[in-house]
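Observations on the three-dimensional arrangement
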Amino acid sequence: MQHNIQWYPGHMAKTKRELGEVMSLADLVLEIRDARIPKSSHNPDLGQLAVGKPVITILAKSDLADKKLTRSWMEHLQGAGLSVAAADLQKGRGLRKLQEHIQAVYSTSRRRLQARGRQDRTLRGIVVGVPNVGKSTLINRLAGRNIVKTGAKPGVTRGKQWVKAGKYMRLLDVPGVLWPKFDDSSTAFNLAVTGAISDDVFNYVEVSALLAEHIANCRPQALKARYRLEEVPLDGPSLLESIGRRRGLLVSGGLVDVEKASSLLLREFRQGLLGPFTLEEP
């Protein structure tokens, strides 16, 4: 099932081409990853597209991720030579560290320009990341105003736009980009359950059943507490049945509406109502 999750709309192919073209204009790349899936939300094409550019990695949605594992991921990425900050972009937490990294890039850029006898100019940054990871929210935070449209569904940002963010920086917001083929089934699963892939293009009942099994194996108490279950079945379909029955999601004949139960679990997992989860370890 997981191997069948593929989503690469036409506008993404176009965006990848355009991203390669505008990258030459950038002084800085801000790559946003989902703190719950730092590996799966990293686009392997970025290294080639951003070669020679300073990259700052933001682990967004840190409020939804396991704090201990977020620290481990930051240490891991810093050990690989990356500048990293973790942030809750919805509430604006964690932006100070990001601002420090941006200021360091700006200072380096100024020194290089002055060494060549040139005047300071605006730092140009490009914000990249998978769909629904928080690119537009980050730009609004750095700009200090809601200037870029945001939304809870992947694919809200449709076109490129430059936005002034502070005294010395402009940021380019581009649509979220995935890659044409997910070779790793766990990557596809992780992107699906966190909302980077539209629910319309994969079997969300099967994905939700796999998610239920994962939570039952690693943290059954979260399911017990949230859905008031006496026992937590270890197989996904049975667990969805139990959740649906406890929530009264029934159809005629007293049968559980499995689609509603699946949608409920996915939605509440994404909202953090089952507690903070990180699906990948460094």
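The rules behind each value
- Residues numbered from 1 in each chain as written.
- Predicted model: local features only at pLDDT ≥ 70, side-chain atom pairs only at ≥ 80, totals over all residues.
- Heavy atoms only, no water.
- 1 Å grid on protein atoms, 1.4 Å probe; cavity = no way out; pocket = protein on both sides within 12 Å on 5 of 7 lines; lining within 4 Å.
- Points joined across faces, edges and corners; volume = space filled by probe spheres on them.
- Nonpolar A, V, L, I, M, F, W, Y, C, P; charged D, E, K, R; others polar.
- Salt bridge = Lys/Arg side-chain N within 4 Å of Asp/Glu carboxyl O.
- Helix = DSSP H or I, 4+ residues; strand = E, 2+ residues; numbered from the N terminus.
- Buried < 20%, exposed > 50% of the residue type's maximum accessible area, 1.4 Å probe, protein only.
- Pairing = 2+ DSSP bridges.
- Phe/Tyr/Trp six-rings, centres within 6.5 Å; stacked < 30°, edge-to-face > 60°.
- Lys NZ or Arg CZ within 6 Å of the ring centre and 35° of its normal.
- Axes fitted to C-alpha atoms, helices over the stretch in contact; angles between N-to-C directions.
- Parallel < 35°, antiparallel > 145°, perpendicular 65-115°, else oblique.
- Contact = heavy atoms within 4.5 Å.

Turning next to the layout of surface pockets. Rolled over the atoms, a probe sized like a water molecule indicates the empty space that remains. Its boundaries defined by the atoms lining it, the second largest pocket holds a volume of some 290 Å³. Contributing to the lining of the second largest pocket are 13 residues, with Asp-27, Pro-54, Ser-109, Arg-112 and Arg-121 lying nearest its centre. Here the lining of the second largest pocket is composed, by residue class, of 4 nonpolar, 3 polar and 6 charged.

In this section: the pattern of salt bridges. Summed over all chains, the structure comprises 7 salt bridges. Between Asp-34 and Arg-36 there is a salt bridge, and its shortest N-O distance comes to 2.7 Å. Where Arg-247 meets Glu-268, a salt bridge forms, and the shortest distance between an N and an O atom there is 3.4 Å. A residue pair is termed long-range when its members are at least 10 positions apart, and Arg-247 in the loop between helix H9 (236-246) and helix H10 (258-270) and Glu-268 in helix H10 qualify at 21 residues. Arg-247 gets classed as partly exposed once you look at its relative accessible area, which sits at 33%. Salt bridges linked by common partners bring Arg-226, Arg-247 and Glu-268 together as one network.

Here we take up the pairing of strand E3 (residues 83-86). On a regular strand, one side chain projects to one face of the sheet and the next to the other, so that they alternate. The pairing of strand E2 (residues 55-60) with E3 spans 4 bridges and is parallel. When the sheet's bridge partners are listed, Leu-59 is paired in E3 with Ala-86.

Next up on the list: empty space enclosed by the protein. Inspection of the entire model under this criterion finds 3 cavities of 30 Å³ or more. Empty space within the second largest cavity amounts to approximately 40 Å³. Taken together, Asp-34, Ile-37, Ser-41, Lys-61, Val-130, Pro-131, Asn-132, Val-133, Leu-191, Thr-194, Gly-195 and Ala-196 make up the full set of residues lining the second largest cavity. Each residue belonging to the lining of the second largest cavity can be placed in one class, and the counts come to 6 nonpolar, 4 polar and 2 charged.

Looking now at the packing of aromatic side chains. Going through the model one piece at a time under the given rule, you end up with 2 aromatic pairs. Measuring from ring centre to ring centre gives 4.2 Å for Tyr-106 and Tyr-168, while their planes differ by 20°; the resulting arrangement is stacked. Residue Tyr-106 is located in helix H4 (residues 95-115), and its partner Tyr-168 is located in the loop between strand E5 (161-164) and strand E6 (169-173); the two are separated by 62 residues in the primary sequence. You'll find Tyr-106 and Tyr-168 in the same group, each marked buried. Geometrically, the ring pair formed by Phe-269 and Phe-277 is tilted, given 5.6 Å between the ring centres and 55° between the ring planes. Relative accessible area serves as the criterion here: at 2%, Phe-277 is assigned to the buried category. Cation over ring: Arg-170 sits above Trp-162, and NZ or CZ is 5.0 Å from the ring centre.

Here the focus is unusual backbone geometry. Its identity is not glycine, yet Lys-61 carries a phi of approximately 60°, on the positive side. Along the polypeptide, Lys-61 turns up in the loop between E2 and helix H3 (67-79). Using a relative accessible area of 18% as the deciding quantity, one classes Lys-61 as buried.

Right, let's talk about the packing of helix H6 (residues 185-193) against helix H7 (residues 204-218) for a bit. Packing of H6 against H7 brings their axes to within 10 Å, and their N-to-C directions diverge by 100°. Judged by the inter-axis angle, H6 sits roughly perpendicular to H7. From H6, Phe-189, Ala-192 and Val-193 reach across to H7, where they touch Val-207, Leu-210 and Leu-211.

Further remarks concern the packing of helix H8 (residues 220-227) against H10. The contact between H8 and H10 brings their axes to 13 Å, and the two run at 110°. For the element pair H8 / H10, the angle class is roughly perpendicular. Residues Leu-223, Arg-226 and Tyr-227 of H8 lie in contact with H10, whose contacting residues are Leu-264, Leu-265 and Glu-268. When its residues are assigned to classes, the contact of H8 with H10 shows 4 nonpolar, no polar and 2 charged.

What follows is about the pairing of strand E4 (residues 123-129). For E4, the buried fraction is high: 6 of the 7 residues fall into the buried class. Note: strand E1 (residues 28-34) against E4, 5 bridges, orientation parallel. What sits directly across from Leu-30, in E4, is Val-127. Judged from the 5 bridges that link them, E4 and E6 form a sheet pairing that is parallel. Paired with Gly-125 across the bridge in E6 is Leu-171.

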